[in-house]
Amino acid sequence: RAEAEQRIQTLRTELEEYNYRYHVLDDPTVSDAEYDRLMAELLRLEEVYPDLVTPDSPSVKVGGEPLPYFEKVEHRIPMLSLGNAFSFDDLQDFDERIRRLSGRESIDYVCELKIDGLAVSLRYEDGVMVRGATRGDGRTGENITQNLKTIRSLPLRLRELVTLEVRGEAFLPKKEFERINRVKEERGEALFANPRNAAAGSLRQLDPKLAAERTLDIFLYGIGEMEGVQNPLTHTASLDLLQKLGLKVNPERVTVKGIDDVMDFVNHWREHRMELGYEIDGIVIKVDDLALREQLGFTAKSPRWAIAYKFPAEEGVTV
Ligand SMILES: Cc1c[n+]2nc(N)[nH]c2nc1OC(C)C
């Protein structure tokens, strides 16, 4: 039993590292076959020694027992929606209002791709993922922890054992969306209309094994509450911190000075978004300076320090 415990620990560490390298760094170090073989060995050992299973064991990525229903979860920091911009005039107005309210000449912005998926919130305590929830109505969401744990690129344990809540977008890559719809077609089932619906459908499965069959992915983009780490001064530093903790952050983000460079970024991705392996429905523009965000505050339903520039819906899904 002692050597089984030793072996389980070794397998866990190895599988976690392989997950991180393959799904977060997109730089696999072992073949899928080798990964599957090690996972099968871990599952077998955990079956023989069920009391050795821990909530952060990589084996939960293959999905546990189905749930009878989803519990409700209260978001301590509400997950707000974003105001929308549909033109560059809207962006000019957004920038001008912030410069007027802040008295600053030029504003630093972070521009991020707005992934067309499902907004989720994750809570890590002492570095271990303890809960995951849908956005719901922004105040109350559904507890979908078991399903989120099946996302390969989502670490069950952070690289530093801090307590924090992070927000992000779970999504289905275009290629996986097409594979799922081909399978549905063969089974004569109704197809998913788009990757967003397919991701929502997968994450709201009561049986995590079904969620595990679908290669969902996730990009994290914000920190809610946090303990044990000193607060970053900018959003850029927050995103760097998320990456340092082993969380997957979309690499196409930029930090720019002034709204003109924001418009360049919007133009670039309006042209090139079809080249991405996932669907985006716009660009999110956020004030970088967190102290300035505090000064700007919120309207009834959205932050004054961020806006979503929306693109028209993508015609069809190409690879
Ligand atoms: C709703 C939302 C969606 N997104 N998507 C990204 N990339 N960032 C981001 N931020 C959001 O909200 C924060 C500005 C609070």
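First, a word on scope: everything that follows refers to the structure included in this document. (Residues numbered from 1 in each chain as written. Predicted model: local features only at pLDDT ≥ 70, side-chain atom pairs only at ≥ 80, totals over all residues. Heavy atoms only, no water.)

**Details of the sheet that holds strand S2 (residues 83-85)**
Just so we agree on the cut-off: Any two strands with at least two DSSP-identified bridges between them are counted as paired. Runs of H or I in DSSP of at least four residues are treated as helices and runs of E of at least two as strands, each being numbered from the N terminus. Under this scheme, a helix contributes an axis fitted over its contacting stretch, all axes are lines through C-alpha atoms, and angles between N-to-C directions fall in the 0 to 180 degree range. In this analysis, two residues are considered to be in contact whenever any of their non-hydrogen atoms come within 4.5 Å of each other.
In space, the 5 strands of this open sheet follow the order S2-S11-S10-S3-S9, with mixed pairing throughout. If you trace the sheet from one side to the other, it starts and ends with S2 and strand S9 (254-257), each paired once. Within the sheet, the average angular offset between the axes of one strand and its neighbour, ignoring direction, is 30 degrees. As paired elements, strand S3 (residues 108-115) and strand S10 (residues 280-287) share 7 bridges and run antiparallel to each other. Note on S10: the bridge partner recorded for Lys114 is Gly282. Each of S2, S3, S10 and strand S11 (306-310) touches helix H3 (residues 88-102); the most contacted strand, S11, lies at about 170 degrees to it. Against the sheet, helix H9 (residues 259-272) contacts S3, S9, S10 and S11, and its axis sits at roughly 20 degrees relative to S3.

**Considerations on the nonpolar core**
To keep things clear, this is the line we draw: Residues belong to a common nonpolar core when they are buried Ala, Val, Leu, Ile, Met, Phe, Trp, Tyr or Cys residues joined through side-chain atoms within 4.5 Å. Here the term buried applies to any residue with accessible area under 20% of the maximum for its type, exposed to any over 50%, and partly exposed to those in between, with areas from a 1.4 Å probe on protein chains only.
Membership of the largest hydrophobic core comes to 36 residues, with the highest contact counts inside it found for Leu122, Tyr124, Leu148, Leu154 and Leu164. Of all the secondary structure elements, the ones that give two or more residues to this core are strand S4 (118-125), strand S7 (163-171), helix H5 (174-186), helix H6 (195-203), strand S8 (217-227) and helix H8 (235-244). Contacts of Leu122, omitting those with residues within four sequence positions, involve Met129, Arg131, Gly132, Leu148, Leu154, Leu164, Glu165, Val166, Ile218 and Leu220. Formed by 31 residues, the second largest nonpolar core is a distinct cluster that contains Val256, Leu276, Ile280 and Ile283.

**Focus on a nonpolar patch on the surface**
To be explicit about the condition: To count toward a patch, a residue needs a relative accessible area over 30% and no salt bridge; like charges are then connected within 9 Å, while nonpolar side chains (Val, Leu, Ile, Met, Phe, Trp, Tyr) are connected within 5 Å. Residue burial considers only the protein chains on display, and all accessible areas are found by Shrake-Rupley using a 1.4 Å probe. A side-chain nitrogen of Lys or Arg and a carboxyl oxygen of Asp or Glu constitute a salt bridge if their distance falls within 4 Å.
A cluster of nonpolar side chains, contributed by Leu67, Tyr69 and Leu206, occupies part of the molecular surface with about 270 Å² of accessible area. On the secondary structure map, Leu67 appears in the loop between helix H2 (32-48) and strand S1 (72-74). In this structure Leu67 comes out as partly exposed when scored by relative accessible area, which is 31%.

**Observations regarding the environment of Asp26**
For Asp26, the position within the fold is in the loop between helix H1 (2-24) and H2. Since its relative accessible area comes to 66%, Asp26 is described here as exposed.

**Concerning the pairing of strand S5 (residues 128-134)**
Where burial is concerned, most of S5 is hidden: 6 out of the 7 residues are buried. Note that S4 and S5 share 6 bridges and pair antiparallel. Looking at S5, one finds that Leu122 is bridged to Gly132. What sits between the antiparallel neighbours S4 and S5 is a turn of 2 residues, in which Asp126 has the positive phi angle 50 degrees.

**Topic: the side chain of Thr236**
The topology assignment puts Thr236 in helix H8. Discounting residues that sit within four places of it in the chain, Thr236 has contacts with Val110, Arg253, Thr255 and Asp288.

**A closer look at the packing of H1 against H2**
The condition is simple: Handedness of a crossing is defined here by the sense of rotation of the near helix relative to the far one, left-handed for an anticlockwise turn of less than a right angle and right-handed for a clockwise turn. The classification used treats Ala, Val, Leu, Ile, Met, Phe, Trp, Tyr, Cys and Pro as nonpolar, Asp, Glu, Lys and Arg as charged, and all other residues, Gly among them, as polar.
Relative orientation of the contacting elements H1 and H2 amounts to 145 degrees, with a least axis distance of 10 Å. Between H1 and H2 the crossing geometry is left-handed. Contacts between H1 and H2 involve Ala4, Arg7, Ile8, Leu11, Arg12, Glu14, Leu15, Tyr18, Asn19 and Tyr22 on the former and, on the latter, Asp32, Tyr35, Leu38, Met39, Glu41, Leu42, Leu45 and Glu46. By residue class, the composition of the contact of H1 with H2 is 11 nonpolar, 1 polar and 6 charged.

**Notes on the packing of H3 against H9**
Stated precisely, the cut-off is as follows: An angle counts as roughly parallel when it lies under 35 degrees, as roughly antiparallel when it exceeds 145, as roughly perpendicular when it falls between 65 and 115, and as oblique in every other case.
Where H3 meets H9, the closest approach of the two axes is 10 Å, and the angle between their N-to-C directions is 150 degrees. One finds that H3 runs roughly antiparallel with respect to H9. Like other packed secondary-structure pairs, H3 and H9 cross with a definite hand, here right-handed. Of the residues in H9, those in contact with Phe88, Leu91, Gln92 and Asp95 of H3 are Ile259, Val262, Met263, Val266, Asn267 and Arg270. Looking at side-chain class alone, the contact of H3 with H9 contains 6 nonpolar, 2 polar and 2 charged residues.

**Re the site of the ligand**
Which entries qualify depends on this criterion: The nearness test applies per residue and asks whether one of its heavy atoms lies within 4 Å of the molecule or strand. Whenever two N or O atoms come within 3.5 Å, that pair is a polar contact, provided that in protein one can donate a hydrogen and the other can accept it, and provided that, for residues adjacent in sequence, both atoms are side-chain atoms.
Residues in close proximity to the ligand include Leu80, Leu82, Glu112, Leu113, Tyr221, Val284, Lys286, Trp305 and Ala306, which together make up its full environment. Here a nitrogen atom of the ligand sits 3.1 Å away from a polar atom, N or O, in the main chain of Leu113. Within the side chain of Lys286, an N or O atom sits 2.9 Å from a nitrogen atom of the ligand. Considering the ligand on its own, with 380 Å² of exposed area, one finds that the protein chains cover 83% of that surface. Listed by contribution, the elements that provide at least two residues to the shell around the ligand are S3 and S10. In the shell around the ligand, the residues fall into 7 nonpolar, no polar and 2 charged.

**What to know about the environment of Phe177**
Topologically, Phe177 is positioned in helix H5. Accessibility expressed as a relative area gives 5% for Phe177, which makes it buried.

**Let's talk about H1**
Formally: In a helix, the anticipated span is given by 1.5 Å times the number of residues less one.
A rise of 1.5 Å per residue sets the reference length of H1, with its 23 residues, at 33 Å; its end C-alpha atoms lie 32 Å apart and thus fit the reference within 8%. Buried within H1 we find Ala4, Ile8, Leu11, Arg12, Leu15, Tyr18, Asn19, Tyr20, His23 and Val24. Looking at the packing, one finds that the buried side of H1 touches H2 and H8. Asp26, located one to two residues past H1, shows a positive phi value of around 55 degrees.

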